[in-house]
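Summary of the model geometry
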Amino acid sequence: MQLSAKFLAELLGGEIEGDPNVMVSKPSRIEEGGEGTISFLGKDKYEHYAYETSASILLVSKEFTPRKPVSATLIRVENVYQAIAVLLEKFGQAQEGSTGIAASAVLDPTAEIGPLVSIGPGAVIEAGATIGAGSRIAAQVFVGTNVKIGDGVVLYPGVRIMKDCEIGDRCVIHPNTVIGSDGFGFTPQNDGHYQKIIHVGNVILESDVEIGANTTVDRATMGATIIREGAKLDNLVQIGHNAEIGAHTVIAAQTGIAGSTKIGRHCRIGGQVGFAGHITIADGTQVQAQSGVAQSVKTPGTYLFGTPAFAYREFIRSFIVFKKLPELYRRLTQLERAADGTAGKNQDRSSQ
Amino acid sequence: MQLSAKFLAELLGGEIEGDPNVMVSKPSRIEEGGEGTISFLGKDKYEHYAYETSASILLVSKEFTPRKPVSATLIRVENVYQAIAVLLEKFGQAQEGSTGIAASAVLDPTAEIGPLVSIGPGAVIEAGATIGAGSRIAAQVFVGTNVKIGDGVVLYPGVRIMKDCEIGDRCVIHPNTVIGSDGFGFTPQNDGHYQKIIHVGNVILESDVEIGANTTVDRATMGATIIREGAKLDNLVQIGHNAEIGAHTVIAAQTGIAGSTKIGRHCRIGGQVGFAGHITIADGTQVQAQSGVAQSVKTPGTYLFGTPAFAYREFIRSFIVFKKLPELYRRLTQLERAADGTAGKNQDRSSQ
Amino acid sequence: MQLSAKFLAELLGGEIEGDPNVMVSKPSRIEEGGEGTISFLGKDKYEHYAYETSASILLVSKEFTPRKPVSATLIRVENVYQAIAVLLEKFGQAQEGSTGIAASAVLDPTAEIGPLVSIGPGAVIEAGATIGAGSRIAAQVFVGTNVKIGDGVVLYPGVRIMKDCEIGDRCVIHPNTVIGSDGFGFTPQNDGHYQKIIHVGNVILESDVEIGANTTVDRATMGATIIREGAKLDNLVQIGHNAEIGAHTVIAAQTGIAGSTKIGRHCRIGGQVGFAGHITIADGTQVQAQSGVAQSVKTPGTYLFGTPAFAYREFIRSFIVFKKLPELYRRLTQLERAADGTAGKNQDRSSQ
């Protein structure tokens, strides 16, 4: 596919500076470039590449003022990152693998498969499951009994959707992620062993949720574990039973949310964060990576850090002193010695 | 299935207060309730729901004294949580998916399959493996060469049991968990590259072990990595080679145990905890989430927090001061200035 | 297989002390031993086992001087751990499972399969994929469109290699690991929802890379996420898009590397460590478990600890004082009271 600067500028709502007829066939990173590619200048610190790149087209922000000559044709846009997203989709080959229903897929006769659905080799669809129009179920996926899958959903290889769970329209789930494993619930018995609590609830993913690879979302004990519309979860994330993740909240890799915790809308959670169970986190909360949130957050827009987590700026102030603790200790000890001396002198005086 | 309050009270060993003939068909959460459901009052802070719920039956503790009228029939029991476990099992549909051996399962002719075993579509059973009576091997599971699986075991879709490992009676393993991957052992060579240490050991799960989804248990270099009876591991947990987990110990999600470490019986380990290798942890040890345990614990019942972890209460005391460190720093600096002043004055005096 | 002490001493380049004709059939741990086995003395603290073990042969270092009689035949070697690696390989049965191409494997006709390749039951090889000589693709593996797999590669059950990724010669990937899932990249839109950034890059594993179970390596947005030759990754590790891991670097379990971060050669990274995105880590850097590395490291051989991480020795010094913070606080308060007293006295005096 060859696309001209003129076509791309129209597609991206941008303005051309240079040759509108130059053609490109794929995107490139600015430090790699290459003739026939389109690259972009995202952050100021990469500016020098703009003067060195061999890319044929360079996507830049409206504000960019070159300080040296640029050989590439420029396309100036309002928001470079939004333009890249559109661009990549244009060049993208998101659709992969076979279409139709593979001969080796195993479908229960009671499953309802919508129009234009593709099901890959070795996939298993259990009794009573429904799959909406245009959904792509990749190879080796498991769709359990009575699972409901919406329209335009993508399940990558090895995804397991356990019985009764519901996956909303246009959700995307990456390889080997598990939706609907039992929650971690056991009741200690008098003789010291644990009795399992049967989990009769399910997991509900609303529309446009995207979940990374090897992530786990546990089913509710009763009721549902819910991921609200547009939320994005990275790889290796753990969502406990009966938790709820608010709409358009993003959660980075390896973070864990314990059972029954409710995260608000538009939150931004760093990687390797932990949340205690049974707490409620206000909308727009931000949590720095590796923090441990032990208590509910009531004020929207709070920014947290540390284990246990508290206000980000206060954590940073405490941490600066933490690094000086040996010095602090020495200074305190010195003061004590001096005070002993002073006290001694004072005593001497008073005894005079 | 419709069950009466009378029947359920007998099942749970409880006492009825209200209409013994009211019927329910499923459990519900107290805040959701609904006619024809049975709900429960677990924690005191939810008490207000008892007066608002539309559930037909409410499970409460013997001690519960309503302060307002309750519309539901009450069943009073000794331990609400134990009763719920029994209740959920009664209503539960733990048995899911097809029975028998799926046509698309691939069984080596030398594998020994016990009576009443079900094996799902696409499952692979390698040479010399044995599977005990009544075990359920779900779709797409892998059971390696010479693996021994006991009676009544449940392996969910995508579980991989690698060669020579042993799974005890009534173990339950959730989707995509890996038992018997090689341990992380490499010997640095003089030229800077690493030589792999071949792992000839295995993993042994004793009876009644339950393991969550996407968890990994590495095989021993030699000998065995052992999970003792009744231990419960959550999702995304990592168990290193030659580690041993004591009986009835519970380990929350995303915790990692490094190689050759031995965890005692009846320990309770929070989420995202890390244990160094080659250490021994006493029975009944509790570890707060996100802690890093770097040394052996000798006293049973120790409670730890922090990285590196030390006594929980001491950590909390130190942490309280950590939050005040900027204030502490200011106060120390002020004292120093004052002392300088005093010292100055004293000096002035002594020079008089 | 029975091997004599004489044969093994030659194999390992060691010297015999005792009966050169004693035969062994397998390795054992020193605390277990057993006649007909070969065991080894690795660390000094296990020395007492040398006098108790019933192993027939004992592998020890050249420097070992027994303080009591040892019943086993000794083989003295330069480096015990290197010798064990060779030994285990000799006794190892790394080759497992069926050979050839399983009837239930699904191969696209355009896939190119090299000589001596084995492909297990239920494996799926998509269009345009190539698999090099002698590679073993286990059961239930997914190899996506246009994936390139080198010679002598081992992919264990449930591994997913997504489209366009490249796996170098002799790489080993453990069960359920995902190579080439999309990176976590979304652009916030004005209306508050996130637009996905299509990932057109891939993942490249150079030769001799080993990756544990349930690990995830995300594909690049553009260009490649790269794991350089000889690097070793443990279980449940997360590698973000466009990250690069240097040659012969080892990364322990549950560590996460955020997007575009570049880790140097010969680094040693502990478990549960987190790296921020877009930073560069010098060659030979060591990071203590559970640390959070937020900034680039410029000096080779740096050793880090803490969140945010700083120099290991300085962290330890600060941490020692952290444990004494309550005491520090009391002492400071006491000094202040004394100073108030002194100040008072001084004031009294000055007012005299």
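Residues numbered from 1 in each chain as written. Chains lettered and ligands numbered in written order. Predicted model: local features only at pLDDT ≥ 70, side-chain atom pairs only at ≥ 80, totals over all residues. Heavy atoms only, no water.

1. Let's talk about the relation of the copies chain C and chain B
To be explicit about the condition: We superpose the copies by least squares over the C-alpha atoms of residues that have a pLDDT of at least 70 in both of them.
Overlaying chain C on chain B yields an RMSD of 0.1 Å, the required transformation being a rotation through 120 degrees with an accompanying axial translation of 0.0 Å. Such a turn and shift between the copies fits a three-fold axis.

2. Notes on the interface of chain A and chain C
Short version of the rule: Contact definition: two residues touch when any of their heavy atoms are within 4.5 Å. What makes a salt bridge here is a side-chain nitrogen of Lys or Arg within 4 Å of a carboxyl oxygen of Asp or Glu, nothing more. Two N or O atoms form a polar contact when they lie within 3.5 Å of each other; inside protein one atom must be a possible hydrogen donor and the other a possible acceptor, and for residues adjacent in sequence the pair counts only when both atoms belong to side chains. Comment: elements are numbered from the N terminus, with helices defined as DSSP H or I runs of at least four residues and strands as E runs of at least two.
Across the contact, 67 residues belong to chain A and 72 residues belong to chain C. Joining chain A to chain C, the criterion identifies two salt bridges. Note that Lys196 of chain C and Glu210 of chain A form a salt bridge whose closest N and O atoms lie 2.7 Å from each other. Scanning the region where chain A abuts chain C turns up 28 residue pairs in polar contact (both at pLDDT 80 or more). At the level of secondary structure, the elements contributing two or more residues to the side of chain A that touches chain C comprise helix 3 (80-91), strand 27 (232-233), strand 30 (250-251), helix 4 (312-323) and helix 5 (325-351) of chain A.

3. Comments concerning the interface of chain C and chain B
How we decide: Computed with a 1.4 Å rolling probe, the buried area is the accessible surface lost when two parts are put together, summed over both parts. The residue classification treats Ala, Val, Leu, Ile, Met, Phe, Trp, Tyr, Cys and Pro as nonpolar and Asp, Glu, Lys and Arg as charged. All others, Gly included, are polar.
Contact with chain C, which involves 67 residues of that partner, is made by 72 residues of chain B. For the pair chain C and chain B, the two sides together bury roughly 5400 Å², of which 61% comes from carbon and sulfur. Looking only at chain C, the three residues that lose the most surface to chain B are Gln140, Phe322 and Tyr329 of chain C, adding up to 11% of its buried area. Where chain C meets chain B, there are two salt bridges. When the shortest N-O distance is used, the salt bridge between Arg331 of chain B and Glu336 of chain C registers 2.7 Å. Our count for the chain C to chain B interface comes out at 28 residue pairs in polar contact (both at pLDDT 80 or more). Going through the elements one at a time, helix 3 (80-91), strand 27 (232-233), strand 30 (250-251), helix 4 (312-323) and helix 5 (325-351) of chain C are the ones with two or more residues in the side of chain C that touches chain B. The dominant element in the side of chain C that touches chain B, judged by the number of residues it contributes, is helix 5 of chain C, at 12 residues. Here the side of chain C that touches chain B is composed, by residue class, of 31 nonpolar, 21 polar and 15 charged.

4. Some details on a nonpolar patch on the surface
Residues and elements named next belong to chain A. For the record, the criterion: Only residues whose relative accessible area exceeds 30% and that form no salt bridge are eligible for patches; like-charged ones are grouped when within 9 Å, while nonpolar side chains (Val, Leu, Ile, Met, Phe, Trp, Tyr) are grouped when within 5 Å. Every accessible area reported is derived by Shrake-Rupley at a probe size of 1.4 Å, with residue values counting cover from the shown protein chains alone. Working definition: with a 1.4 Å probe on protein chains only, accessible area under 20% of the residue-type maximum means buried, over 50% means exposed, and in between means partly exposed.
There is a patch of nonpolar side chains on the surface, built from Phe7, Leu11 and Val86 and spanning about 200 Å² of accessible area. With respect to the secondary-structure elements, Val86 resides in helix 3. With a relative accessible area of 30%, Val86 lands in the partly exposed category.

5. With respect to the UniProt feature "active site" (unreviewed entry) in chain A
All names here are of chain A. Here is the rule: UniProt positions are given in the numbering used here, feature names are shortened, and annotations may be inferred rather than shown by experiment.
In this numbering, the UniProt entry assigns the feature "active site" (unreviewed entry) to His241. Take His241: it is sitting in the loop between strand 28 (238-239) and strand 29 (244-245). Relative accessible area serves as the criterion here: at 16%, His241 is assigned to the buried category. Other than its neighbours up to four places away in sequence, His241 contacts Gly183, Phe184, Gly185, His199, Asp218, Arg219, Ala220, Thr221, Thr225, Gly259 and Ser260. At 2.9 Å, the side chain of His241 and the side chain of His199 are in polar contact.

6. Structural notes on empty space enclosed by the protein
Going by this rule: Detection works on a 1 Å grid of protein atoms alone, calling trapped sets that fit a 1.4 Å probe cavities and calling open sets with protein on both sides within 12 Å along at least five of seven lines pockets, with lining residues defined by an atom within 4 Å of a point. Grid points are joined across faces, edges and corners, and a volume is the space filled by probe spheres set on the points.
Going through the model one piece at a time under the given rule, you end up with eight cavities of 30 Å³ or more. Surrounding the largest cavity, 31 residues form its lining, Gln290 and Thr307 of chain A, Thr307 of chain B together with Gln290 and Thr307 of chain C being those nearest its centre. Elements represented by at least two residues in the lining of the largest cavity include exactly helix 4 of chain A, helix 4 (312-323) of chain B together with helix 4 of chain C. Of the residues contributing to the lining of the largest cavity, the split by class is 15 nonpolar, 16 polar and no charged.

7. Describing the pairing of strand 5 (residues 37-40) of chain A
Along a regular strand, successive side chains alternate from one face of the sheet to the other. Residues and elements named next belong to chain A. Rules: Strand pairing is defined by DSSP finding a minimum of two bridges between the two strands. Here is how to tell: hold the view so the strands point away, follow the path from the first strand over the helix to the second, and if it runs clockwise the crossover is right-handed.
In strand 5, alternate side chains face the same way, and those of Thr37 and Ser39 on one face and Ile38 and Phe40 on the other are all buried. Pairing of strand 4 (residues 26-27) with strand 5, which is carried by two bridges, proceeds in the parallel orientation. Residue pairing for strand 5: Lys26 is matched across the bridge by Thr37. Assessed by its sense of winding, the connection that carries the chain from strand 5 through helix 2 (residues 47-52) to strand 6 (residues 57-61) is right-handed.

8. Topic: the packing of aromatic side chains
Rule in force here: Only Phe, Tyr and Trp rings take part, Trp by its six-membered ring, and two of them pair if their centres are within 6.5 Å. Stacked means planes under 30 degrees apart, edge-to-face means over 60, and tilted covers everything else.
Using the criterion set out here, one finds 36 aromatic pairs over all chains in the structure. With a centroid separation of 6.3 Å and 85 degrees between ring planes, the pair formed by Phe310 of chain A and Phe322 of chain B is classed as edge-to-face. In this pair, Phe310 of chain A sits in strand 39 (residues 310-311) while Phe322 of chain B sits in helix 4, so the two residues belong to two different chains. We classify Phe310 of chain A as buried; its relative accessible area is 6%. Taking 5.7 Å as the distance between ring centres and 20 degrees as the angle between the ring planes, the aromatic pair formed by Phe305 of chain B and Tyr312 of chain B counts as stacked. Residue Phe305 of chain B is classed as buried on the basis of its relative accessible area of 5%.

9. A few points about the sheet that holds strand 11 (residues 124-125) of chain B
All names here are of chain B. If you trace the 10 strands from one edge of the open sheet to the other, you get 8-11-14-17-20-25-28-31-34-37, paired in parallel fashion. The open sheet terminates on both sides in strands that have one partner only, identified here as strand 8 (106-107) and strand 37 (292-293). Direction of pairing for strand 28 (residues 238-239) relative to strand 31 (residues 256-257): parallel, over a ladder of two bridges. Across the sheet, the residue bridging to Gln238 is Gly256, located in strand 31.

10. Digging into helix 1 (residues 5-12) of chain A
Residues and elements named next belong to chain A. We count it as follows: An arc is given here, and it is the one of the directions from the helix axis to the C-beta atoms.
Inspection of helix 1 places Ala5, Leu8, Ala9 and Leu12 among the buried residues, and these make up the whole buried set. Along helix 1, the residues classed as buried sweep out an arc of 100 degrees about the axis, all on the same side. A positive phi of about 65 degrees marks Gly13, the residue just after helix 1.

11. A few points about the sheet that holds strand 4 (residues 26-27) of chain C
Residues and elements named next belong to chain C. Worth spelling out the cut-off: Every angle, taken between N-to-C directions, lies between 0 and 180 degrees, and every axis is a line fitted to C-alpha atoms, over only the stretch in contact when it is a helix.
Sheet architecture is open: five strands sit in the order 2-7-6-5-4, paired in mixed fashion. Each edge of the open sheet is held by one strand with a lone partner, namely strand 2 (15-17) and strand 4. Looking at chain direction, strand 5 (residues 37-40) and strand 6 (residues 57-61) are connected through three bridges and run parallel. Bridge pairing in strand 6 places Phe40 opposite Leu59. In this fold helix 1 (residues 5-12) packs onto strand 2, strand 5, strand 6 and strand 7 (73-77), with an angle of close to 10 degrees to the strand it touches most, strand 7.

12. Describing the state of the cysteines
This is how it is decided: Working definition: a disulfide is two cysteine sulfur atoms within 2.5 Å of each other.
Counted according to the given criterion, the structure contains zero disulfides over all chains. With no disulfide of its own, Cys267 of chain A lies 19 Å from the sulfur of Cys171 of chain A, the closest cysteine sulfur.

13. Observations concerning the pairing of strand 26 (residues 224-227) of chain A
All names here are of chain A. Side chains Ala224 and Ile226 project from strand 26 onto one buried face, and the interleaved Thr225 and Ile227 project onto a second face that is buried too. In terms of strand pairing, strand 26 meets strand 29 through two bridges, oriented parallel. Opposite Ile226, over in strand 29, you have Glu244 as the bridge partner.

14. A look at unusual backbone geometry
Cis geometry is adopted by the peptide bond preceding Pro308 of chain A, which originates at Thr307 of chain A and carries an omega value of -5 degrees. In this fold, Pro308 of chain A is placed in the loop between strand 38 (303-305) and strand 39. Even without glycine at this site, Ser260 of chain A takes up a positive phi of about 65 degrees. Looking at the element boundaries, Ser260 of chain A is found in the loop between strand 31 (256-257) and strand 32 (262-263). With phi around 60 degrees, Leu236 of chain C is a residue other than glycine that occupies positive phi space. Mapped onto the secondary structure, Leu236 of chain C falls in the loop between strand 27 and strand 28 (238-239).

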